[in-house]
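Here is how the chains run, residue by residue.
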Amino acid sequence: MVLELLSTGIPGLDELLKGGIRKTNSVLIAGVPGSGKTVFGMHYIYEGAQRGEPGLFISYEESEASIVEYAESFNMPYTQLIQKGLVTALSIPLVGKIVTFAPIIDMIRKNKIQRVFLDSISLFEFVDSMSSMSFRREIIEFIRIMKDMGVTLMASSEKKIANIDVIEYGAQDFLFQGLILLTKVRKGASFERCINISKMRGQSHQLGIYPFAIDEQGVQVYSKQLPFSLIERGEL
């Protein structure tokens, strides 16, 4: 059977994924604050829109205007794509509200959404009680619904530790079919951004640690290079 893979729109990342993300899979982008998770998601939604695949970007931290402004700072014209119905930016404020996914699911169905980026899965903590079992149950159910609707889901998650050798995996890391880790490794007086594809169920992928950068064009993954920070420390 030939796999149907969706491009992430991130230079170098599709090469590590050997073509992209398997359609209807769920992928978690996990990393410390400032590691680039949100920008990865913006690329993913933007790439789909360019290919005629409507996308939904959900945030509980940023307003719709902030989402659009941030995307356009990386030359991704979200305003135009929103006007064309190819991108939907949704802000879900959590203060004083009980979050339910019913309106989101209705929006996905109405707008024929094919790609969803959820920034971040902490939103699930506000759907039901704060128990870990409830948290996992809500994630599993949302992933199932997205798959049944033919949606390819990407979400972000916070990590407390940047060192890729001592990553503490949370329950959510095991619930998604794919897990991509973003880290910042000390390089002298600064830091170098690194990426590792920890798992991608149902497809082969590169297993190494690779450097990436974020500039005015967004994310660039250097799939043919080794992180200088790890070479200098003798870890590669």
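Rules behind the numbers
Residues numbered from 1 in each chain as written. Predicted model: local features only at pLDDT ≥ 70, side-chain atom pairs only at ≥ 80, totals over all residues. Heavy atoms only, no water. Helix = DSSP H or I, 4+ residues; strand = E, 2+ residues; numbered from the N terminus. Buried < 20%, exposed > 50% of the residue type's maximum accessible area, 1.4 Å probe, protein only. Contact = heavy atoms within 4.5 Å. Areas by Shrake-Rupley, 256 points an atom, 1.4 Å probe, with all protein chains shown as cover. Arc of directions from axis to C-beta. Phe/Tyr/Trp six-rings, centres within 6.5 Å; stacked < 30°, edge-to-face > 60°. Pairing = 2+ DSSP bridges.

Draft legend 1. Layout of the overall build of the chain. Assigned secondary structure in the chain consists of 7 helices and 11 strands. Buried positions account for 52% of the 236 residues belonging to the chain. Partitioning the intrachain contacts of the chain with sequence separation of at least 6 by distance along the chain shows that 65% fall at a separation of at least 24. Accessible surface, the chain: about 11,200 Å² in total, of which carbon and sulfur atoms supply 53%.

Draft legend 2. Quick peek at helix α5 (residues 102–110). The set of residues buried in α5 consists of Ile 104, Ile 105 and Ile 108. Mapping the buried residues of α5 onto a view down its axis gives an arc of 100°, with all of them on the same face. Exposed residues pointing more than 90 degrees away from the buried face of α5 are listed as Arg 109 and Lys 110. Contact partners of the buried residues in α5: β4 (55–59), β5 (87–91), β6 (115–119) and α6 (132–148). Positive phi appears at Lys 112, one or two residues downstream of α5, with a value of about 55°.

Draft legend 3. Broad picture of the pairing of strand β3 (residues 26–31). Most of β3 is tucked away: 6 of the 6 residues are buried. Alternating positions in β3 separate into two faces, Ser 26, Leu 28 and Ala 30 on one and Val 27, Ile 29 and Gly 31 on the other, with burial throughout.

Draft legend 4. Here's a closer look at the packing of aromatic side chains. Inspection of every chain in the model, using the stated rule, returns 4 aromatic pairs. Seen in terms of ring centroids, Phe 57 and Phe 117 are 5.2 Å apart; in terms of plane orientation they differ by 40°. Their pairing is tilted. Here Phe 57 is found in strand β4, whereas its partner Phe 117 is found in strand β6, with 60 residues between them in sequence. Exposure class is identical for Phe 57 and Phe 117. Each is buried. A ring pair is formed by Tyr 70 and Phe 74, whose centres lie 5.2 Å apart and whose planes are at 70°; its orientation type is edge-to-face. The exposure class of Tyr 70 is partly exposed, given its relative accessible area of 36%.

Draft legend 5. Examining the pairing of strand β10 (residues 209–215) more closely. With 3 bridges connecting them, strand β9 (residues 190–200) and β10 associate as antiparallel partners. The residue of β10 that forms the bridge with Asn 196 is Ile 209. In this structure, β10 lies alongside strand β11 (residues 218–221), joined through 4 bridges in antiparallel fashion. The residue of β11 that forms the bridge with Ile 214 is Val 219. Two successive antiparallel strands, β10 and β11, enclose a turn made up of 2 residues.

Draft legend 6. Local environment of unusual backbone geometry. Note that the residue after Asp 119, namely Ser 120, is joined by a cis bond; omega there is 10°. Note on placement: Ser 120 falls in the loop between β6 and α6. Its identity as a non-glycine residue notwithstanding, Lys 18 has a phi of 55°, on the positive side. Even without glycine at this site, Asn 75 takes up a positive phi of about 60°.

Read these as spatial facts, not as claims about activity.
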